[in-house]
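# Working through the structure, step by step
Letter by letter, the chains look like this.
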Amino acid sequence: VQQSSSVAAIESLVEPLVNCICYEVGDDDFKPHEWKKLSSKELGIRTSKITKPTRLVLNVLKKKGYEVYLVGGCVRDLLLKRTPKDFDIITSAELKEVLRTFPRCEVVGKRFPICHVHVDDTIVEVSSFSTCGRTFGRKSSFGVRKPRGCDESDFRRWRNCLRRDFTINGLMFDPYAKIVYDYVGGMEDIRKAKVRCVITASTSFTEDCARILRGVRIAARLGFRFAKETAHSVKELSYLLSRLDRGRFLMEMNYMLAYGSAEASLRLLWKFGLLEILLPIQAAYFVSRGFRRRDERSNMLLSLFSSLDKYLAPDRPCHCCLWVCVLAFHKALVDQPRDPLVVAAFSLAVHSGGSLSEAVKVAWRISQPHNTSFLELSEPGALDSDAVLMDEVIDLAASVKDALQKLADERYVSRALIKYPQAPHSDLGKWDGARELHRITLDNKQIGSSHASNGPIQVFISLALTLKVSTIFDCVRRGKEKGFVTKPRNKIDYESLALGQLQEVRRMFARIVFDTVYPPELKRGNYALNGNSST
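Residues numbered from 1 in each chain as written. Predicted model: local features only at pLDDT ≥ 70, side-chain atom pairs only at ≥ 80, totals over all residues. Heavy atoms only, no water.

### Let's talk about the overall build of the protein
Definition in use: Segments assigned H or I by DSSP are reported as helices when at least four residues long, segments assigned E as strands when at least two residues long, and all are numbered from the N terminus. Relative accessibility under 20% of the residue-type maximum defines a buried residue, over 50% an exposed one, and the middle range a partly exposed one, all with a 1.4 Å probe and only protein chains included. Whether two residues touch is decided by their heavy atoms; if any such pair falls within 4.5 Å, the residues are in contact. Computed with the Shrake-Rupley method and a 1.4 Å probe, the accessible areas treat only the protein chains shown as cover for residues.
Secondary structure assignment for the protein yields 26 helices and 11 strands. Residue burial in the protein is summarised as follows: out of 535 residues, 56% are buried. Counted over contacts in the protein with a minimum sequence separation of 6, partners at least 24 positions apart contribute 73%. By element, 48% of the accessible surface of the protein is carried by carbon and sulfur atoms, the whole surface being about 23,800 Å².

Laid out in structure tokens, this is it:
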């Protein structure tokens, strides 16, 4: 991670707020950090990156005399010169006061209630110090007391930062005073490119197991590494994820795969033995291919998601149906490898909204070499006529829909790893001894070993999502649909893509497949999905 200017500012502009921090905690390993404040201007934070709806909410609350801060991942991203996925606000106002201030506002959440303020088509999340303080005191496993020489504002901010998941998310930014507050060592971990829990990792993940997946997502997106203790707990406490319901699994997977860091997320899920819990079919594929982290692009699943990542970003996400399409398509090729020409014609047919005859004609003109490192692509065969190629394409479309049904079949998914009982646990060898000891401990508690302890497989792809994804491929069999509109070259409608609009998802899916099978670097003057020809 290259952030030299920000790192230099962090190292040189630290100003202690108090000389000594003294508080009570319930874990001897919980280390205090020197409280710091930094100039946001010197750190290079540009308030112009704050969205208009967020600025509106900040300004309204500030004018009413309340304290307002940006908190969490948005502060981290502003420091790293990245575009935040969203902006979270915390204020000294009570939630009921926020409700009275904004006409389009409601309180959501039971465990951690917050306000959703609607500004045009955007939702701005606003939390209150008072609510967070009550929740912190009620839910946390340790207590805190006010340090000597600390004023009430610092104490309030510090207590709130202690309930954050990771230190790099435990920063507060006052956009009016131009100050970034760091009470938990977040600046230091940004400098070191580390993901570290604010409190002891085992305690943090036990209190909220979803933090495990959130940590993987953050590490994948930023290219950060886990701190040693945090990494160990991610691996050892993965069985806690069985507490999450289907909806939460889908939400967390969408955050990983739909915002431009899907490949890195899959690699980390594999590394920490989490892929078997979330995507057992894909974990079995990794094992069957003898996957290693340095795979030199021989892993087609990772290559497909790498192609997807090139088009997406935190502010340009896709709908979850797109990455489910990719999973189903790849599963179909694993079950039955296909001629590259069949795959090309299939992607062209999906791209054109079902014009199969046109897709076949274009496919015959492809002279660009395909990627030969994928076992999912068979050797070019005896495709000697349009009719034969069309039949193969229709058969592939049926196989993709069949694979989609398998992804949603709990029995099929739960049996995916039976052939590979040791599968996803081979990538962190240096912790094998500790892991085995932990498994014995779990067995004594009748929780079971790593596979058993995860409980029933959570198939998070619902019937409704399956039906929606299925319609994306229906056009191949039914022919070109009415109302299909040819779009200008290279134009991507990200709003439609995020909403899951059928035509836009089809176009993007086809681009991903074509870019993977016929990588641009192998291009030698040929047809591509973003243009007709080049020489």
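Moving on from the coordinates now.
### Describing the side chain of Lys194
Using the following cut-off: His is not counted, nor are the chain ends; Lys and Arg add positive charge and Asp and Glu add negative charge. Take a side-chain nitrogen of Lys or Arg and a carboxyl oxygen of Asp or Glu: if they are within 4 Å of each other, that pair is a salt bridge.
As for its placement among the helices and strands, Lys194 is situated in strand S10 (residues 194-195). Buried charge Lys194 goes without a salt bridge, the closest partner of opposite sign being Asp189 at 6.4 Å. Dropping the residues within four chain positions of it, Lys194 is found in contact with Ile168, Asp189, Phe224, Arg225, Phe226 and Ala227.

### Digging into the nonpolar core
To be explicit about the condition: Definition of nonpolar core: a set of buried residues of the types Ala, Val, Leu, Ile, Met, Phe, Trp, Tyr and Cys, connected through side-chain atoms within 4.5 Å.
Trp323, Phe329 and Phe346 are the most contacted members of the largest nonpolar core, which totals 149 residues. Sequence-distant contacts of Phe329, that is, excluding residues within four places in its chain, are made with Met300, Leu304, Val343, Phe346, Leu396, Val400, Phe509 and Val513. Ranked by size, the runner-up nonpolar core spans 17 residues in total, among them Trp35, Val71, Cys150 and Cys161.

### Examining the packing of helix H18 (residues 340-351) against helix H20 (residues 386-407)
Rule in force here: Orientation is described by axes fitted as lines to C-alpha atoms, over the contacting stretch for helices, and by angles from 0 to 180 degrees between their N-to-C directions. Here is the rule for angles: anything less than 35 degrees is roughly parallel, anything more than 145 is roughly antiparallel, 65 through 115 is roughly perpendicular, and the remaining ranges are oblique. Polarity classes work like this: nonpolar for Ala, Val, Leu, Ile, Met, Phe, Trp, Tyr, Cys and Pro, charged for Asp, Glu, Lys and Arg, and polar for all others, with Gly in that last group.
Where H18 meets H20, the closest approach of the two axes is 9 Å, and the angle between their N-to-C directions is 75°. Here H20 runs roughly perpendicular to H18, going by the angle between their axes. Facing Leu341, Val342, Val343, Ala345 and Phe346 of H18, the residues of H20 in contact are Leu389, Glu392, Val393, Leu396, Ala397 and Val400. The residue makeup of the contact of H18 with H20, split by class, is 10 nonpolar, no polar and 1 charged.

### Regarding a negative patch on the surface
For the record, the criterion: Each patch is built from residues lacking any salt bridge and having more than 30% relative accessible area; the joining distance is 9 Å for like charges and 5 Å for nonpolar side chains (Val, Leu, Ile, Met, Phe, Trp, Tyr). For charged residues, the charge sits on one atom: NZ in Lys, CZ in Arg, CG in Asp, CD in Glu.
A surface patch of negative charge is lined by Asp120, Asp121, Asp493 and Glu495. Residue placement: Asp493 occurs in the loop between helix H24 (463-478) and helix H25 (494-499).

### Regarding the pairing of strand S3 (residues 68-71)
What counts, and what does not: Whether two strands pair depends on DSSP finding at least two bridges between them.
The side-chain alternation of S3 yields two buried faces, one formed by Val68 and Leu70 and the other by Tyr69 and Val71. As defined by bridge partners, S3 adjoins strand S4 (residues 88-91) across 4 bridges and the pair is classed as antiparallel. Looking at the pairing, Tyr69 lines up with Ile90 of S4. Pairing of S3 with strand S8 (residues 171-174), which is carried by 2 bridges, proceeds in the antiparallel orientation. The residue of S8 that forms the bridge with Val71 is Met172.

### Some points on the packing of aromatic side chains
Here is the rule: Within 6.5 Å between ring centres, the rings of Phe, Tyr and Trp (the latter by its six-membered ring) count as paired, and their orientation is classed by plane angle as stacked under 30 degrees, edge-to-face over 60, tilted in between.
One pass over the full model with this rule turns up 17 aromatic pairs. Pairing Trp35 with Tyr183 gives two aromatic rings, centres 5.1 Å apart and planes at 85°, and the pair type is edge-to-face. Note that Trp35 is positioned in the loop between strand S1 (15-16) and strand S2 (36-39) and Tyr183 in the loop between strand S9 (179-182) and helix H8 (186-192), a separation of 148 residues in sequence. Taking 6.2 Å as the distance between ring centres and 80° as the angle between the ring planes, the aromatic pair formed by Tyr69 and Tyr181 counts as edge-to-face. Separated by 112 residues along the polypeptide, Tyr69 in strand S3 and Tyr181 in strand S9 bring together distant segments of the chain. Look at Tyr69 and you get buried, because its relative accessible area is 3%. Cluster of aromatic residues (ring-pair linked, three or more members): Trp35, Tyr69, Phe129, Phe155, Trp158, Tyr181 and Tyr183.

Coordinates in, geometry out; function isn't part of it.
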